[in-house]
Each structure stands twice: as structure tokens, then as C-alpha cells.
Amino acid sequence: MNLPFAIIAAVIVAAATAAMTLRNLVHSSLAVAVAFGGLALAYLYLDAQFVGLTQILVYVGAVAILIVFAVLLTRGGEPPEKCIFSATWFWGLLITVAVFATLAWCVMHSFASRRDPSDKVEVTVKQIGDALMTKFVLPLEVIGLLLTAALIGAVIIAMREEKK
Amino acid sequence: MLGTGIIKGMAETARNFLGSYVSREHLTTVQYPEERSPQIENARQFPFLVFDGDDPIKGLRCVACQICEKECPPKCIYIVKSKDKRVDYKGQSQFYPARFDIDLSVCMSCQICVEVCPFESIKMDTAYELSTTDRFGGLMADKHQLAKSNEHYRHIHPTDAALSDAALAVEVAKAKAVAEAKAKAAITTTVSPQPVAAT
Amino acid sequence: MTDSLDQIFVTLKHWLLSGLDDLLKWLEVAPPGWSMPLVSIVLSLAPILMVFPALFAITTVLERKGLGRIQNRYGPNRVGPFGFLQFAADGIKALIKEDLVPRAADKVVHFIAPVILVITAFTVYAVLPFGRNMVAADLDAGLLFFFAVGAASELAVFMAGWSSRNKYALLGAMRAIAQMVSYEIPLILSSVAVVMITGTLSLTKIVEAQSTHAGLLPDWFVFTPWGFMGFTLFMIAANAELNRSPFDLPEGESEIIAGYFIEYSGFKFALFFLSEYLSMFALSGLGITLFLGGWNAPFAALDFIPSWAWFFAKLLALIFLFIWTRGTLPRLRQDQLMNLAWKFMIPMVLVNLVAAALWHFTGPGWMRWLTSGALVVGAYMLLGKPQFESKDIGKRTYRFAD
Ligand code: SF4
Ligand code: SF4
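Residues numbered from 1 in each chain as written. Chains lettered and ligands numbered in written order. Predicted model: local features only at pLDDT ≥ 70, side-chain atom pairs only at ≥ 80, totals over all residues. Heavy atoms only, no water.

Draft legend 1. Here's a closer look at the overall build of chain C. Counting its regular elements, chain C contains 14 helices and 2 strands. In terms of C-alpha radius of gyration, chain C reaches 23 Å, essentially the compact-globule figure of 21 Å for 402 residues. C-alpha extents for chain C along the principal axes are approximately 90 × 65 × 40 Å. Counting the 402 residues in chain C, one finds 50% classified as buried. In chain C, the share of contacts with a sequence separation of at least 24, taken over all contacts with a separation of at least 6, comes to 75%. Carbon and sulfur atoms make up 71% of the accessible area of chain C, which amounts to about 19200 Å² in all. (Helix = DSSP H or I, 4+ residues; strand = E, 2+ residues; numbered from the N terminus. Rg over C-alpha atoms; globule rule 2.2 N^0.38 Å. Buried < 20%, exposed > 50% of the residue type's maximum accessible area, 1.4 Å probe, protein only. Contact = heavy atoms within 4.5 Å. Areas by Shrake-Rupley, 256 points an atom, 1.4 Å probe, with all protein chains shown as cover.)

Draft legend 2. Up close: the interface of chain B and chain C. Between chain B and chain C, the residue contacts involve 20 residues of the former and 21 residues of the latter. Linking chain B to chain C there are 1 salt bridge. Across the pair R78 of chain C and E34 of chain B runs a salt bridge, and its minimum N-O distance is 3.0 Å. Linking chain B with chain C are 7 residue pairs in polar contact (both at pLDDT 80 or more). Taken together, the residues of the side of chain B that touches chain C sort by class into 9 nonpolar, 9 polar and 2 charged. (Salt bridge = Lys/Arg side-chain N within 4 Å of Asp/Glu carboxyl O. Polar contact = N/O pair within 3.5 Å; in protein donor to acceptor, adjacent residues only side chain to side chain. Nonpolar A, V, L, I, M, F, W, Y, C, P; charged D, E, K, R; others polar.)

Draft legend 3. Representation of the sheet that holds strand β2 (residues 77-81) of chain B in the model. All names here are of chain B. If you trace the 3 strands from one edge of the open sheet to the other, you get β2-β5-β7, paired in antiparallel fashion. The open sheet is flanked by β2 and β7 (140-141), the only strands paired with a single partner. Note that strand β5 (residues 97-103) and β7 share 2 bridges and pair antiparallel. When the sheet's bridge partners are listed, D103 is paired in β7 with M140. (Pairing = 2+ DSSP bridges.)

Draft legend 4. Layout of the arrangement of the chains. By contact count, the leading pair among the 2 pairs of chains in contact is chains A and C. If you take every C-alpha in chain A and every C-alpha in chain B, the smallest gap between them is 28 Å, and the two do not touch.

Draft legend 5. Inspection of the pattern of salt bridges at higher detail. Taken as a whole, this structure holds 18 salt bridges over all chains when the rule is applied. Across the salt bridge formed by R61 of chain B and D52 of chain B, the nearest N and O atoms sit 3.0 Å from each other. By relative accessible area, R61 of chain B is classed as buried at 1%. The residue K148 of chain B makes a salt bridge to D125 of chain B at a minimum N-O spacing of 2.4 Å. Of this pair, K148 of chain B sits in strand β8 (residues 147-149) while D125 of chain B sits in the loop between β6 (122-124) and β7; the two residues are 23 residues apart in sequence, bridging distant segments of the chain. Taking relative accessible area as the criterion, D125 of chain B reaches 5% and is therefore assigned buried. The structure contains a network of salt bridges with shared partners spanning R175, D248, E255 and R331 of chain C.

Draft legend 6. Quick look at the interface of chain A and chain C. Contacts between chain A and chain C engage 23 residues on the former and 26 residues on the latter. Across the chain A to chain C interface the summed buried area is about 2000 Å²; carbon plus sulfur atoms make up 81%. Counting across the interface, chain A meets chain C through 0 salt bridges. Inspection of the chain A/chain C interface yields 2 residue pairs in polar contact (both at pLDDT 80 or more). For the side of chain A that touches chain C, the elements supplying multiple residues, two or more each, are α2 (25-45), α3 (49-75) and α6 (125-133) of chain A. Broken down by element, the residue count for the side of chain A that touches chain C peaks at 14 residues, all from α3 of chain A. Broken down by class, the residue content of the side of chain A that touches chain C amounts to 16 nonpolar, 6 polar and 1 charged. (Buried area = accessible area lost by both parts, 1.4 Å probe.)

Draft legend 7. Main features of the sheet that holds β6 of chain B. Residues and elements named next belong to chain B. Read from one edge to the other, the open sheet built from 3 strands follows the order β6-β1-β8, with strand pairing classed as mixed. Sheet topology places β6 and β8 at the edges, where each strand pairs with a single neighbour. Averaged over all neighbouring strand pairs, the angle between strand axes comes to 55°, with direction disregarded. Across 3 bridges, the pairing between strand β1 (residues 47-51) and β6 is antiparallel. From the neighbouring strand, L49 faces β6, where its bridge partner is I122. (Axes fitted to C-alpha atoms, helices over the stretch in contact; angles between N-to-C directions.)

Draft legend 8. A look at the site of ligand 2. Among the 14 residues in the neighbourhood of ligand 2, the closest are listed as C62, C65, C68, C117 and S121 of chain B. Looking at side-chain class alone, the shell around ligand 2 contains 12 nonpolar, 2 polar and no charged residues. (Near = heavy atom within 4 Å.)

Draft legend 9. View of the nonpolar core. Core analysis: the largest hydrophobic core is formed by 122 residues, its most contacted members being Y125 and F281 of chain C. Here this core takes 16 residues from helix α6 (residues 142-163) of chain C, the largest share from any one element. The contacts of Y125 of chain C, once residues within four sequence positions are left out, are I48, F52, F130, L278, F281 and A282 of chain C. One finds L49, I79, A141 and A147 of chain B within the second-largest nonpolar core, a separate group that totals 25 residues. (Core = buried A, V, L, I, M, F, W, Y, C linked by side-chain atoms within 4.5 Å.)

Draft legend 10. How the structure looks around unusual backbone geometry. The amide bond that connects S245 of chain C to the next residue, P246 of chain C, takes the cis arrangement and shows omega of 5°. Within the fold, P246 of chain C resides in the loop between α9 (225-241) and α10 (253-256). A positive phi angle, near 60°, is found at S109 of chain B, a position not held by glycine. With a phi close to 75°, Q111 of chain B is a non-glycine residue in the positive phi region. Take Q111 of chain B: it is sitting in the loop between β5 and α3 (112-116).

Draft legend 11. Structural view of empty space enclosed by the protein. Residue and element names in this part refer to chain C. Applying the stated criterion to the full structure yields 3 cavities of 30 Å³ or more. Counting only elements with at least two residues in the lining of the largest cavity, the list comes to α5 (107-123), α6, α7 (167-198) and α11 (266-291). Here the element with the most residues in the lining of the largest cavity is α6; it accounts for 7 residues. Grouping the constituent residues of the lining of the largest cavity by class yields 15 nonpolar, 6 polar and 3 charged. (1 Å grid on protein atoms, 1.4 Å probe; cavity = no way out; pocket = protein on both sides within 12 Å on 5 of 7 lines; lining within 4 Å. Points joined across faces, edges and corners; volume = space filled by probe spheres on them.)

Draft legend 12. Representation of helix α13 (residues 334-362) of chain C in the model. Taking 1.5 Å as the rise per residue, α13 of chain C with 29 residues should run 42 Å; its terminal C-alpha atoms sit 40 Å apart, in good agreement. Of all the bends in α13 of chain C, the greatest reaches close to 30° and is centred on M345 of chain C; the proline P347 of chain C follows between one and four positions later. (Expected span 1.5 Å × (residues − 1). Bend = angle between axes of the 7 residues up to and from the residue.)

Draft legend 13. Focus on a nonpolar patch on the surface. All names here are of chain A. Side chains of L132, M133, F136, V137, L138, L140 and V142 sit close together on the surface and give an oily, nonpolar patch of about 610 Å² of accessible area. Counting only elements with at least two residues in the nonpolar patch, the list comes to α6 and α7 (137-158). Tallying contributions element by element places α7 first for the nonpolar patch, with 4 residues. Positionally, L138 belongs in helix α7. What makes L138 exposed here is its relative accessible area of 61%. (Patch = residues over 30% accessible without salt bridge, like charges linked within 9 Å, V, L, I, M, F, W, Y side chains within 5 Å.)

Draft legend 14. Expanded view of the pairing of β5 of chain B. As defined by bridge partners, β2 of chain B adjoins β5 of chain B across 5 bridges and the pair is classed as antiparallel. Within β5 of chain B, the position partnered with Y78 of chain B by the bridge is D101 of chain B.

Here you go:
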């Protein structure tokens, strides 16, 4: 743990907390965007240039925009009247803890945790591309298929129904 | 083909762009404070009051009949009728405006006041540089500011002024004829009883 | 001599740095370890922070004069010689105007939005190579950096529009976002063709790949079928990204007054303009880097002119192109805008990728010109036909009032 990482982590956690607790939906989504940006900074700090920049491009540039757009198109930005905690907060907490535990277990047992942090490798974009096209081509294709299916689904939902 | 219209348009604008450096004809703008385009005769801005003779106030044709005040759509004319009478251009004894104000910031240059005036006394001016630094009083013109000579009117609207002068000449002639007839009648009435008295 | 002129700014920076080092040694002050890199960064960034705002000032005057000439009038010609000091008058006016914030506005977001916009607009310059060895941060993923930072500005536009609590601002922001999201795809994909050919995301390497000469023409990508199409699509998409006419719907003065920055006044308003023009220069710079050979001279004989001069000459040419289109084309309608993006630009840009691949794998010779060129032209004819030509609306007739 060092100072820059601590700052970045603090920013991410603060933004995520703000996203959960702020009453105004648009403020929440802006806070989410800040959290995304913080995550990108963390990647950049870890020398993962490509991932960090892609994080900004995709999450700040597209996902955050889609979220605010959806918020605008559905219900405006009025803060909700009632308490912001949902009635099923207990189950939500349980699921969160379960997801966190799974992820933590994965990280602890992955090869990354056993690697010596001192042997730094320079990863170029070309290597990432090669890896995506050879070693990880199956996951890539599966994700592509999934996204295409989602896209077609969205088009079908948005399609105007013909009057019979 | 897609895009040919764009290329045609670009060529046209390029022609204008380059042409403006080559020929003066392309640049149609008038550099305003230094140059002005000549005014067309029927231009009109705001009303003014016509006077005859040398004294702007004494010579005003307006008789304070207040028709224009009533007809003005945005109600920007304010008239106070005089208590006494004075002799007008026709030689008749008439009222005159003790106050005649037009709020130029309200006036919409509709010329209705001119149309309704039976005495050819209010006309449209062509002066348009009326900007002022005084927001409230600056555009409130009183009768001293509004009074302009008939020569001025002849100068800015020659055709209209000729018509107006002709109409006035007829009026004056009529008034004279009436006055003469009256005078004659007065003479006969004053003359005729005399013999009776004599007898 | 030519070399030293070419590298004059690089040499200047090194000279300043070593001079500072000597000075510190002479003063017997031991600077902390991080200070020299910091000074170096400042020395790299300061020119960017000075040159491009200055270019902005000049461009506003030139644009207004150019548009004026296109519309058969003089344009600004009162302040200073030929009106060239107009920008100073405008700047002073913007500075001394009252800064109004609507009472209902979301104050914090309202304040941050223009700041983010300007910061992102400046940040993208970090990876642009302005000349030989003249790049502030030579990132391995420079192109990605450019697009990532550029994408963040969309959020700022949304923030500006939403926080103003004004229906025009909100409409403008929604239009802006819809437009920017749609046109970002062709913008990025048209540059992906270049990345495919050069095999790198580093902008300096992309420029180096275009530094050779093949016969009469230099090896700029714009002189290939896919490169030409890519450049055209890139410029159209860039125009839309910048919200410039004919894609100025988000600002549409005649319908939503100024769009997302309607509730800004004084200097914040000027910041919006600054960021808009800075993005214009940056995107033009990217187009130059990707397709127009960056800072390379068009002919080997002209190599004696310094590289940065070439970059700025090309930049001015592209700025003029932007002004020229702005003076020519009327604004699109929202449905036309979306049709153009999704039914023409995106399919075209995908075909362009295939054309670039064909070019790459056919190998040198006239065959690659034929295959790649035929693909591009064919796709252009085919895609351009249905949406834009089928509707025969007949000759326009006019009816005048009697
Ligand atoms: S021109 Fe029209 S508005 Fe003006 S004073 Fe005359 S009647 Fe009134
Ligand atoms: S200007 Fe004409 S209409 Fe108006 S009060 Fe005088 S005489 Fe009457």
C-alpha cells in the first residue's frame, strides 16, 4: 500500500458510496462515472495503459452516458420521496457479501497473487491484440455473440409494432 | 451521386469567397457610419409636427383636435389642449396644443396618426439615428422637438408634400371664399339697416 | 541548419532544463528527485497551453472574416487593423461580463461542467505529435488515450445541459449526447483502419509509417482508396463530434438558442467556445496525424521546412475546410442526422475496414488499388443510393402572395 494507491482507492470508495446514498438519481450516476474514472486511474497506476484507457472510453464515455440518458428518458431527476433504502436491503446485503467473497477468493487463489511483483513486463497493445486473437479468441467470440444478441433484442424491443 | 450537391455548394461558396476579394460587386454591405445607402422616398420612421412660417411653435398647424391621440394604436401621443385660441394659417381662430408629446420608444411607426389628421399637421419623418443615452426621457419628444418646417417636409417627401400643399391651398382658398362671403354678408347686413335708420 | 531549425523547440527545452540544472548546482541546492521531471513536464505543456489558445483567438477572427466573405460581406473590420484585434475585444467583453447562475441550477455541477470540458480539450494534446520529437507524452496507446479523454467530454456536455434546469439546455444536451455517441463509432472505426495497417496505436509510429515517398506521392494514407474514404468519414464524424455546422443541432441557434450552454454567461460561456475550438484543432491534428502524414513534408525536396511548420500548415488548411463547410451547408434534421450515422457512415466505415485489409494483404502493385478501390467506390454508390436519392420530391414550386 502506498500513497497514490490509497488516494485512488479513497476516491473510488467515496464515489461509490456517494452513488449509493445520494438522493438525486443524476447525481448518483455522475458519482458512478467518477468511480469508473477512479478505477481507470487505478489501472493506469498499475501500468495497465490499455485497460485503463479502455475503461475510460467504454465506461465513462459510453456506459455512464447511457445511464444518465436512461435516467433522463424515464423519470427525470426528481429525488424519491421515500427512504432510499429498499425494503429488501437484507437480501441485497447478503448477495453483495456473497459476490465480494467469491471475487476475493478468486483473487487470492489466482496466479496473479503468487507472482513476484518485481518482474515487471512491458505489455504492448500488439501483444494484447495477439493474445485476444489466439489464446482468448473463444471468450472474445462468446462475448461478441452475447452483445450481438443483446443488440438485436434491443432493436426488437424498440421496433414499432405494426398495427393489425 | 451522394455528395455532388455538397461539392456544388462548396464550389459556390468558394466562388463567393474568392470573388469578394476580386470584385467590389460581391461585397454588398454598406460600411454604415462612413457610408449610407440613399433613402427611398417613402421611408418613414417617426412622426413630426409641421409648422408654417418662421416660428416653430406659433406656426404649428396642429389644432389639438386630439383625433390622432385617440387613434394611435399604442397610445403614445399625449396632447393638452390650450385654454385660449389663436389665429391659424387659414386665418381662423383655433385652439393649439399646449403640450404635444410622442413617446418614440412606444411609437410603432404605423402612420395612422398621419392618416387621420384632418389638418395636414402631423407627418412622418425619415431621421433614424435617434439613439440616446437617456433611457427614460431621451425618447420622449415634446412639441419643440417635434416641430419641423414645411420646407423640411418638402425636402424629405417631395411627392407627398406637393399633394399636401395642394390640399391645403384648396382649404385655404375655401376658407378665404367663406370668409369673403361672410364679410360680404356682414357688410350687407351692416349696411342695409342704415337707410332705415336714416329714414 | 535545417535540422537545428526543425528541432529548435526540442533543443530549447533541453537547454532550459540543463540550464536550470546548472543553476541549481551553482546555488548548491539539491532539488528533490521529483522536481526535474516536473519541470520537464511543465516545459512540454506550457507551449501547448499558450499556442492553442492563441490559435483559438486568431481562428475566431479568421472564421468570422471567412464566413463573412462567403456571405458577401466584410466580417469584423473595426477593431485594430482589418479587424484582427476583434478577439481581444471579445475576450475582454467575456471577462468583464457578469457571471449569472440560474437560481434553480445545480450549482456544483453547473460550475464543474465547463471546467471538465476545457481540461479534456487540453488533455488530448498530450499525445499529438506536432513535429519531429515534439510530443508531450509519447504513449504506446496514444490513439486510445485521445479517444478516451475525448469521450469524457460528453459527460461534461450532459452535466452542463442538465444542471442548468432549462428545457433548451436539456434538449441541447440530449441532442448532443445522441449525436456524439452515434458519430463516435465512425470516428473511431475510421481510425482503426490506420491502426490495422500500421499495427500500432502510438501516434508517433503512425506518423513514421507515412514518412516515406512512393514515386510522386508521399506515402500518406489519404492517398490510398481506403485512406481517402477513411479521411472523408473521419472529417464528417469529427464535424459531428464538434457540433459544428451542418451538425450543429445541439446548439441550433434558431430552435434551442444555444443548447446546452444557454445558461452560461461571461467567462464560462467563453470557456465553452474555447473548448469547442480546442477540440476542433485537436481532431484536425488527429486527422493530420492519421491520414495526412502528420508533420511530414509532402515532397522530399521540401524537407528543409521544419516539421512543426508542416503540421501547422496542414492544421490551418483543415481549419479552413471546417470554416468552409460551415459557410456552405445548412443544418441537418434530427432524423437525417441519425440516418446518416447509422445507415451510411457506420456500414461505410465497416466496408472501409475490409478495404484496408484487402489493401494490406494484396501486396504492392496495381491489384490492391483495383480491389480496394472498387470495394470502396462500390459500397459508396450502393449505400449512398437508397436513403438519399430514392425520394423524388420533384421540382420545387413557389407560390407568392398576390
Ligand atoms: S405612427 Fe402610429 S404609433 Fe406612432 S404616433 Fe402615429 S399613430 Fe401612434
Ligand atoms: S396632429 Fe392633427 S389630428 Fe392630431 S391633434 Fe393635431 S390636428 Fe388633431
